[in-house]
Each structure stands twice: as C-alpha cells, then as structure tokens.
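# Coordinates in review
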Amino acid sequence: MLMTLQSFAQVKISGHVVEAGGDPIPGVNVFLAGTYDGGSTDVNGYFEFQTQAQGRSLLTARFVGYKEFAQEIEIQSENFEFTIKLTETINELQAVTITAGAFTASDVSRRTVFRALDIATTAGATADIAGALNTLPGTQKVGESGRLFVRGGDGNETRTFIDGLVVLDAYKPSAPNTPSRGRFLPFMFKGTSFSTGGYSAEYGQALSSALVLDSKDKGELTRTDFGILSVGGDVGHTQVWDHGSIGGKVQYTNLRPYVGLINQEVDWENAPVSLEASTAFRQEVGKHGLFKFYGNFNLSNFSLYQHGIDDYNQTTLYDLTNKYQYLNGFYKTSLNKNWSAQGGISFTSIDEKALLGASLIDELQKGLHIKTVVAGSLSENVELRSGVEIISRAYDQKFSADAERNFYSFHEIVSAAFVEADLYASNHFVVRTGARLEHVNLTRQFSVDPRLSLAYKLGADGQVSIAYGRFRQSAKDEFIKVDPLIDAEKASHFIFNYQYVKNNKTFRVETYYKSYSDLVKYPDADPVKLSNDGTGDAKGLEVFWRDNESINRLDYWISYSYLDTRRNYLNFPHRATPSFASKHNVSVVAKYFVQKIKSQIGATYSFTSGRPYNDPNTSVFNQLRTPYYADLSFNWSYLPTTSVIVYFSCTNLIGRDNIFGYEYSKIPSADGSFNGRPIRQPAPRFLFLGIFITLSRDKSVNQLPSL
Amino acid sequence: MKTRAIILILSVLVGYTNKVFGNDNQYAEAMAKNIQTVYSSQSIAELQGAVNALERIASAEKTKWEPYYYAAFGDIMIAHREQEGTKKDAFLDQAIANIENAKKISAKESEIVALEGFVHIIRITVNPATRGQQYSGLAMQTLGRALSLNPENPRALALIAQTQYGTAQFLGSPTTEACATNAAALEKFATFKSENPLAPKWGKGMAEEVAGNCK
C-alpha cells in the first residue's frame with residue numbers, strides 16, 4: 001500500500017477463511033464494507049490487509065457459492081486476526097435435486113440430462129413431444145396409439161400440464177389403431193419435465209405420469225417463418241418489443257395427396273385434414289410480473305371404411321370431426337425477494353362428432369382449470385410451495401342410432417389444495433415432503449395423498465434418490481358417464497434412483513414398484529355394472545446412458561426398460577398383463593453433425609418385446625404374445641444457409657411388418673371359432689419432407705431449434 | 001468453436017494499450033491497477049484477486065458502473081480459463097450479477113449491454129453443439145441492443161462479427177457478411193472516442209484477428 005510509511009495508524013487485519021469442515025477456501029473477498037480496504041484469500045485460505053479505518057467497521061467475507069459473512073468490529077490500534085467460517089449457500093448449480101422418476105428437458109437449467117432441442121431432433125419422433133419422450137426409460141412403446149404409456153399404465157394415466165394447468169386432451173384425434181400426435185409443438189416450451197412417477201403434490205389427477213411443460217417467456221427475436229411440408233404448410237410470425245411479444249402460427253396439413261401416393265393399410269375415404277392456429281402473447285408487467293396467454297385452435301376431419309373381420313367386403317363408414325380450443329392465461333409475479341405468486345386459468349373445449357355407419361356420437365367436453373400457487377423460502381434451507389385449484393369438467397354425449405337415442409352427461413368438479421416443502425440439510429441432502437387434498441363433487445369424497453422424496457449426493461457427480469407417493473385419478477369419462485358415483489382409481493409409487501452425471505455423460509438406473517387399487521371393473525363384456533374392485537401392480541428396472549462427449553459431434557443415448565405388470569380390471573377374468581404392456585423396451589438414439597455437408601443426421605432404433613393379446617379361441621386370457629416390434633428411423637436436416645432448413649425423415653427403414661395386436665370377431669363362425677386379424681402399421685414407412693425458411697433482421701437464426 | 005473462443009480472448013489484449021489515467025486519485029489508481037490485471041493476467045488467482053478488488057471498489061463507489069463492469073469482465077476471463085462446464089457457468093452467472101448491478105447505475109450504457117452479449121458468446125463454448133443455436137441468438141439480440149444504444153460502439157460490432165463468423169464456420173457457409181461487419185467494427189475502433197477515461201479499450205485485437213482470417 002502506498003501510504004504505509006505515513007504516520008496514520010495502520011492496522012493489519014488478517015486470518016483464515018474456512019469451510020464448515022475446516023478446509024481453506026481460496027479466492028474469498030475479505031474487506032471492510034464501503035471501503036477499498038480488503039484482500040483475497042490465498043490457497044491456504046489466508047488473507048491480510050492494512051487499513052486506516054478507525055472505529056466501527058463491518059468486516060465482510062464474500063465468495064461465489066457461500067453465504068456472505070459480516071461482522072461488526074471496532075478498530076483501534078491493535079492488529080486483528082480472525083478465522084472466518086463460511087457456510088455454503090444452497091444453490092441450483094451445486095445443490096442436490098430429486099431425480100427419482102423425473103426427466104427434465106430445459107434450455108434454461110444447465111443440469112438437465114435431456115434438452116428441449118433433443119425432442120425436436122430425435123429421429124422417428126417427427127418433432128412430436130410424446131414421440132421423443134418414448135425413447136426414454138419408463139415408457140412402453142404402443143405403436144398404434146402414439147401416447148405415452150408409463151410403467152404399466154394406460155396412455156390415459158399420463159397427464160399433460162402447460163404452465164401448471166391441465167390439458168384435457170393433449171393429442172390430436174387419430175383413426176382407430178393409428179398413432180396420434182401431440183397437439184403442442186416442442187419449440188413452444190422452454191422446459192419439459194417428464195415424470196414417470198413420484199411427482200410433486202402440485203400435480204393431481206394423474207395415475208402414472210406427469211408431463212409438465214413450461215411455455216417460453218417473451219419472444220427473443222422478431223421473425224417470420226414459413227414451412228413447406230410434404231403434407232401441407234405453415235406460416236408464423238413473432239413480433240417482439242421491449243417488454244413483450246406476440247406470435248401466431250397457422251398450419252394446414254392434408255394427408256390426402258400423401259396417402260394417394262403411398263399404399264396404406266387404412267382404407268381412407270378422406271385422409272386426415274387439419275387446420276390449426278395458435279397464438280402466444282407475452283407482456284412483462286412492471287419489474288417482476290409476467291403475463292402469458294396461449295391459444296390453440298384446431299379443426300380436423302377424416303373418414304375411412306372399416307372392414308368386417310368375418311367378411312372383408314362388409315364395410316362401415318367412420319367419419320370423425322374434431323373441434324378443439326385451448327386457452328391458457330397465466331400470470332406470475334414476485335412478491336418480494338423470497339416469495340413469488342402465480343395464477344392461471346385454462347379453458348378447453350372439445351367437440352367431437354363421430355359417425356359410425358348409422359350411429360352418431362356427438363361428444364362435447366368443456367373444461368375449466370383455475371389455479372394459484374405461492375412459492376418461496378421460509379429460510380435458507382426450507383423452500384415451500386403451496387396452492388389451490390379447481391378443475392371443472394362438463395361432459396355431454398348424445399348417441400343416436402336409428403330410433404335409439406341416448407344422452408349422457410356429467411359435471412365433475414375437483415377442488416384441491418397442496419403444500420410441499422423442500423428441506424435442505426446441506427447441499428448434499430434434501431427431503432421433499434408434501435400432501436395433496438382433493439374433493440370431488442360427484443362422489444362427495446375428500447382424500448389426502450402424501451408425497452415424500454429425498455435425495456443424497458454421493459460426491460460431485462453421483463447421487464441417489466428415493467420417492468414415494470399416492471396418486472389418484474378420476475375414472476375415464478366412459479365410466480363416469482354411466483356411473484357418476486364411481487370412485488377415483490389409485491396408485492402408489494415407490495422409486496429408487498441412482499444417477500451419475502459428468503462431462504456431458506449421464507448414467508441412470510432406476511427401479512420401482514407401483515401398486516394399483518380401486519381400478520374400474522365390470523363383469524363380462526358389459527361396462528354398465530361398474531365397481532372399484534380392480535387391482536394391479538407393476539415393477540421394473542430401467543437403465544439410461546447418454547454420452548455427447550466422447551466422440552466429437554456425436555450425441556447418443558440408450559434406454560432400456562424392464563416391466564413386469566399384471567392387473568385384474570375392466571372385464572379381465574383374472575390377473576393378467578394388459579395388452580399395452582411389453583416386458584422389454586430398448587431405444588438407441590444417435591445424432592451426428594456432418595460439417596462437410598452442413599447436415600445433422602440422426603437415427604433411432606426401437607425394440608419392444610411381444611405384447612399380450614387375447615385370442616378367444618384359446619382358454620387362457622391374454623396368454624399369447626405378438627411378435628416383437630422393431631423400428632429404425634432416420635432423419636436428415638440440411639442447412640444450406642443460415643435461414644433455410646431442409647428436413648427429411650423416414651420411419652421403419654428396415655420395413656418390418658410390425659404387428660401391434662390382433663382383433664377378433666365378436667361372433668363365432670359356423671365352426672365355432674372366432675376369426676381374427678392382425679393390427680398393423682397404417683403403412684410400412686412414413687416419409688416426411690419439409691423446407692423451413694426464416695426471415696428476420698438477424699440472418700443467423702433458423703428454425704432448427706423449432707424443428 | 002472452442003479454439004475460436006481462445007483466439008478471441010487472447011486477441012482481446014492485443015488491441016489494448018495501457019494508458020496512465022488522468023485523475024491522480026485513489027479511485028483512478030485502484031481502477032487502473034485492476035483493469036490492467038483483468039485485461040492481461042493469465043492466472044485465475046490473480047484474476048480473482050482483481051475481481052475481488054473491483055467488487056470492493058464498487059461497494060464503496062456507489063454511483064460508478066465501471067467497477068462492476070470490469071469485475072464482470074474479470075469473471076468472464078476466469079470463466080474462460082476454467083475447464084469444467086459447471087464452474088464456467090458459475091463465473092458467468094457471477095458476471096451477469098455484476099452486469100445487472102452496473103445496469104442499475106447506468107441503464108443505457110451500451111458497453112455494459114455489449115459485455116452481456118460477450119457472456120452469451122462464452123456460454124456457447126461450454127457445449128457448442130447444444131448451446132450454439134440458443135446462445136448465438138441471444139448474443140445477437142443483446143449485441144443488437146448495445147448497438148442501438150450507441151451505434152459507435154466498436155466492441156458491440158466486433159462481437160457481432162465474431163458471432164457471425166463462428167456461425168458461418170460452424171455451418172461451413174461463406175463468411176462474407178461476418179467479414180463486412182468486422183471491417184465496419186475496425187473502422188469504429190479507429191474513430192472511437194470517449195470522454196470517460198475508464199471507458200473500455202479491449203476488442204480491437206479480436207477484430208484484427210478476424211480480419212486476418214477474412215483475407
């Protein structure tokens with residue numbers, strides 16, 4: 001210091017800065033607040049500095065990842081020596097997180113094992129969220145459905161939430177035994193959390209799995225996008241201003257020319273046509289508030305001929321028109337430094353008219369979900385999250401066939417409250433405990449479901465976590481409409497997870513046990529006399545490995561799921577494995593960027609062992625197994641310039657004739673046996689070609705992230 | 001992308017000339033010494049020491065944005081030298097915190113916004129394949145804002161050229177546009193004047209480096 005030789009009183013302040021365990025911390029900034037006087041600790045945690053300050057001063061020690069230390073000292077002429085202990089702050093980057101059951105994909109958080117972009121670029125998924133998540137462990141491939149079947153659960157047991165608000169029907173309509181696609185495009189979301197069990201008390205009315213999607217905040221760039229697709233086209237525009245943005249997109253798809261070219265298993269009268277519009281509005285309110293609005297409107301139609309099993313020439317026309325509206329308004333604000341509040345309302349309307357031969361089914365469903373959540377820190381080590389919600393669903397169905405007319409309707413209101421606390425013992429150990437209270441107007445029942453999970457970090461890279469929870473979900477509409485008093489179905493999850501993440505390599509292994517109770521059951525084939533006597537269980541082991549480090553430009557992951565599940569529900573005569581459950585599922589996904597040809601090339605291989613089916617000609621229910629399912633899909637994204645992408649994808653390169661199951665005639669033929677036929681893929685392959693053009697002032701942006 | 005970033009950082013220094021600051025007071029001296037360190041030091045410990053000192057100055061000089069600015073610059077230099085991705089991110093988070101503090105003092109300072117764009121560029125180096133798209137978009141947007149606050153800011157322009165160049169190289173497309181931007185940046189460096197004796201002076205070397213590759 002320059003002034004050491006002068007006659008002012010110079011005081012030396014020195015000492016050590018250590019962690020709770022006594023280890024020195026280098027690089028700590030130790031200083032007298034509001035002055036220049038201070039120093040940094042060396043490798044031994046030692047610091048020293050001189051000061052001319054006199055009297056009361058605030059000695060401060062500060063370093064990334066530790067709580068700031070401050071102590072008032074009285075400086076006279078004596079030198080000071082201190083030992084300062086810093087305690088770690090619980091921060092997102094280092095803190096342990098609960099990983100049991102959860103796969104998160106996010107562009108924001110950097111600790112995720114699966115990114116939003118991964119969804120868009122997974123071969124075989126054709127930018128469908130469910131399609132990409134189907135390559136993760138815990139899912140069973142059900143090729144004729146396209147929905148997410150998780151750990152022995154039916155596709156209906158996975159619920160989708162956007163900004164915390166439930167989506168009543170997250171899939172577009174599809175012809176019987178053809179896969180449906182999700183209604184929401186992956187690029188709308190900044191984060192995707194896919195939980196295969198043990199999820200937060202915030203999410204109810206989901207028996208097996210919660211798919212939680214966080215929509216993007218304010219748009220980043222003003223841009224116009226065009227897409228020319230082999231099955232239609234789209235145009236979108238986003239306008240961005242200082243504190244907000246608005247975007248809109250219109251998409252028209254028509255499979256008619258495509259199915260005209262490529263021979264189909266399905267006998268289409270009119271192949272699917274769909275018109276879809278979506279809009280997103282974002283406005284920052286004040287310093288801390290954000291308002292989001294999202295709307296999705298879809299009109300789709302198709303018609304096809306169903307052929308008789310006994311007599312192929314006997315045909316029935318099936319014509320389906322589906323009108324869908326989803327509106328979601330969301331507001332989030334911080335109340336103060338530690339607390340934030342958010343609230344939202346979503347409205348869904350689904351109007352579906354299905355014409356089957358002479359009978360018409362007209363189904364109208366209206367849903368309203370209102371929810372508020374308050375979250376914050378009670379202290380440095382305790383995070384609290386609590387909220388209330390109302391989910392209201394009005395269902396009306398008109399059935400008419402010749403002279404017969406039937407009306408069904410119900411109005412279900414689920415009121416719920418939840419509270420959940422994260423208790424951090426340290427950066428290494430966290431316990432999350434919570435409960436969910438629900439009341440259902442139809443059954444007039446209250447219920448309380450507990451949740452508990454904990455995670456322990458074994459070192460810098462590995463951690464174990466376990467989770468337990470009880471979950472319930474109202475019976476399917478088709479059952480409530482005949483018996484509004486039917487109770488909710490229930491499940492308990494027990495999960496153990498080990499995860500190791502280092503240098504862009506992830507290894508996960510997870511094992512679980514799930515038990516079902518109060519499943520809907522009815523005698524024989526008649527779903528009228530319903531009871532909650534059904535039971536079931538599922539257990540399994542899953543392994544996931546991902547590496548995008550070892551080989552330059554190559555990113556790949558491998559998932560394996562083993563599932564052992566049995567149920568006695570619906571009209572099952574005894575406990576049996578349901579037809580959607582397969583014992584072994586394997587996915588291998590690889591993506592490689594070839595700079596020379598400016599292309600990203602990806603391939604996905606999926607394998608599913610044979611699924612059960614029931615042959616009424618045999619004596620044991622669901623005893624037989626289909627052949628295994630296998631698919632090798634390929635995609636190619638070519639970027640000739642920064643604003644154009646050419647995208648090509650093809651499923652089932654090997655052309656395997658996958659069989660998903662068999663369907664049988666309800667009436668025995670003359671010799672007393674039942675005729676049957678396999679349920680096949682609608683076509684051996686699905687080819688897709690798209691050209692996407694982005695216009696923006698900044699040309700270095702293209703649609704790759706949105707593909 | 002990674003090697004490019006290293007060239008970028010090293011060449012930050014070439015264009016910097018160490019001037020003696022006009023005001024002979026405690027603030028100017030302390031700033032000069034620490035700015036010198038964040039511009040030139042190769043050692044994480046030294047950089048951390050300078051960042052700490054700059055944060056101390058910032059705590060005492062509550063109306064000046066420059067201490068936070070150079071503290072953030074030091075954080076970026078540390079992030080660049082750290083090997084591990086999570087540590088890089090931690091220091092970049094720290095840089096953003098310092099940038100936010102600087103913005104509270106001077107909301108419309110183009111240099112601060114340009115530095116924020118620099119942080120996004122360094123984020124890409126943690127994992128170019130997965131982060132390139134998102135962060136290059138963010139960087140371009142932020143740097144565009146810096147440029148709209150001060151069209152004469154050569155650093156904003158040079159960083160835009162850098163991002164364009166990196167993107168063009170990654171995609172194997174022509175670098176014409178990047179080179180044109182870079183040439184414009186070099187002109188701005190030649191004419192850049194600031195009344196502020198503590199105004200940033202880095203970045204010219206980086207632009208010269210790109211210009212060398214453009215030939």
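Residues numbered from 1 in each chain as written. Chains lettered and ligands numbered in written order. Predicted model: local features only at pLDDT ≥ 70, side-chain atom pairs only at ≥ 80, totals over all residues.

## A look at the overall build of chain A
To be explicit about the condition: The secondary structure listing takes helices from DSSP runs of H or I that are at least 4 residues long and strands from runs of E that are at least 2 residues long, numbered from the N terminus. Radius of gyration: C-alpha atoms only; globule rule: 2.2 Å multiplied by the number of residues to the exponent 0.38. With C-beta atoms placed from the backbone, a residue counts as buried when 20 or more other C-beta atoms lie within 10 Å of its own, as exposed when 12 or fewer do, and as partly exposed for counts between those limits. Note that contacts rest on C-beta atoms placed from the backbone: two residues are in contact if these are within 7 Å.
Scanning chain A for helices and strands turns up four helices and 40 strands. Scaling as 2.2 N^0.38, a compact globule of 707 residues should have a C-alpha radius of gyration of about 27 Å, and chain A matches this with 29 Å. Taken over the C-alpha atoms alone, chain A extends approximately 115 × 60 × 45 Å along its principal axes. Looking at chain A as a whole, 37% of its 707 residues are labelled buried. Expressed as a percentage of contacts within chain A between residues at least 6 apart in sequence, the contacts between residues at least 24 apart total 60%.

## Regarding the interface of chain B and chain A
Going by this rule: Gly falls in the polar group here, along with every residue not listed as nonpolar (Ala, Val, Leu, Ile, Met, Phe, Trp, Tyr, Cys, Pro) or charged (Asp, Glu, Lys, Arg).
In this complex, chain B contributes 32 residues to the contact, which on the side of chain A involves 33 residues. Counting residues per element, the ones that place at least two in the side of chain B that touches chain A are α2 (26-40), α3 (44-60), α5 (85-105), α7 (128-149) and α8 (154-171) of chain B. Class assignment for the residues of the side of chain B that touches chain A results in nine nonpolar, 20 polar and three charged.

## Section: unusual backbone geometry
All names here are of chain A. Despite not being glycine, Gln 205 has its phi angle at roughly 55°, a positive value. Tracing the sequence through the fold places Gln 205 in the loop between β13 (189-195) and β14 (209-215). Phi angles above zero are rare outside glycine, and Asp 518 is one such case at about 55°. Position of Asp 518 among the secondary structure elements: in strand β29 (residues 505-521). Residue classification places Asp 518 among the partly exposed residues on the basis of 19 C-beta atoms within 10 Å.

## What about the packing of α8 of chain B against helix α10 (residues 204-214) of chain B?
Residues and elements named next belong to chain B. Keep this limit in mind: Every axis corresponds to a line fitted to the C-alpha atoms, with the helix fit spanning only the stretch in contact, and the corresponding angles, defined between N-to-C directions, vary from 0 to 180 degrees. Crossing handedness is read from the near helix: turned anticlockwise from the far helix by less than a right angle, it gives a left-handed crossing, and turned clockwise, a right-handed one.
Their axes nearest at 10 Å, the elements α8 and α10 cross at an angle of 40°. Along this stretch, α8 crosses α10, giving a crossing that reads as left-handed. Between α8 and α10, the residues in contact are Ala 158, Ala 161, Gln 162 and Tyr 165 and Met 206, Ala 207 and Val 210, respectively. Class assignment of the residues belonging to the contact of α8 with α10 gives a composition of six nonpolar, one polar and no charged.

## Some details on α8 of chain B
For clarity, the cut-off: By this rule, a helix spans an expected 1.5 Å times one less than how many residues it contains.
In this model α8 of chain B runs 26 Å from its N-terminal to its C-terminal C-alpha over 18 residues, within 8% of the 26 Å that 1.5 Å per residue would give. Counted residue by residue, α8 of chain B has 15 buried out of 18 residues, so it is predominantly covered.

## Things to note about the domain arrangement of chain A
Rules: Residue ranges labeled as domains rest on an automatic or database domain assignment.
Taken domain by domain, chain A comprises domain 1 (11-86) and domain 2 (102-706). On a C-alpha basis, the centres of domain 1 of chain A and domain 2 of chain A stand 54 Å from each other.

## Re the sheet that holds strand β5 (residues 55-62) of chain A
Sheets are built from strands paired through backbone hydrogen bonds, the pairs being either parallel or antiparallel. All names here are of chain A. Note the threshold: By definition, two strands form a pair when at least two bridges between them are found by DSSP.
Strand order in this open sheet of four strands is β3-β2-β5-β6, and the pairing throughout is antiparallel. Two strands lie at the open edges of the sheet, namely β3 (38-40) and β6 (69-75), each paired on one side alone. Taken pair by pair, the neighbouring strands of this sheet meet at an average axis angle of 15°, ignoring direction. Summarising the sheet, strand β2 (residues 29-32) and β3 pair through three bridges and their orientation is antiparallel. Of the residues in β3, the one forming a bridge with Phe 31 is Gly 38.

## Regarding the confidence of the model for chain A
Residue and element names in this part refer to chain A. Convention followed: What pLDDT conveys is the predictor's confidence in a given residue, as a value from 0 to 100.
Model confidence for chain A is summarised by a mean pLDDT of 87, while 93% of its residues fall at 70 or above. Ignoring residues within four places in sequence, the model shows residues 106-111, a span with pLDDT below 50, making 13 contacts including any to other chains. Note that pLDDT drops below 50 for residues 699-707; the model gives that stretch 41 contacts with residues more than four away or on any other chain.

## Points about the pairing of strand β33 (residues 599-608) of chain A
Residues and elements named next belong to chain A. Burial along β33 is one-sided: Gln 600, Gly 602, Thr 604, Ser 606 and Thr 608 are buried, while Ser 599, Ile 601, Ala 603, Tyr 605 and Phe 607, pointing the other way, are not. Here ten bridges tie strand β32 (residues 584-594) to β33, and the two strands are oriented antiparallel to one another. Residue pairing in the sheet places Val 594 in a bridge with Ser 599 of β33. Two successive antiparallel strands, β32 and β33, enclose a turn made up of four residues, where Lys 598 displays a positive phi of approximately 50°. Where β33 lies against strand β36 (residues 629-641), ten bridges are found, and the strand directions are antiparallel. Along β36, the bridge assignment pairs Thr 608 with Tyr 629.

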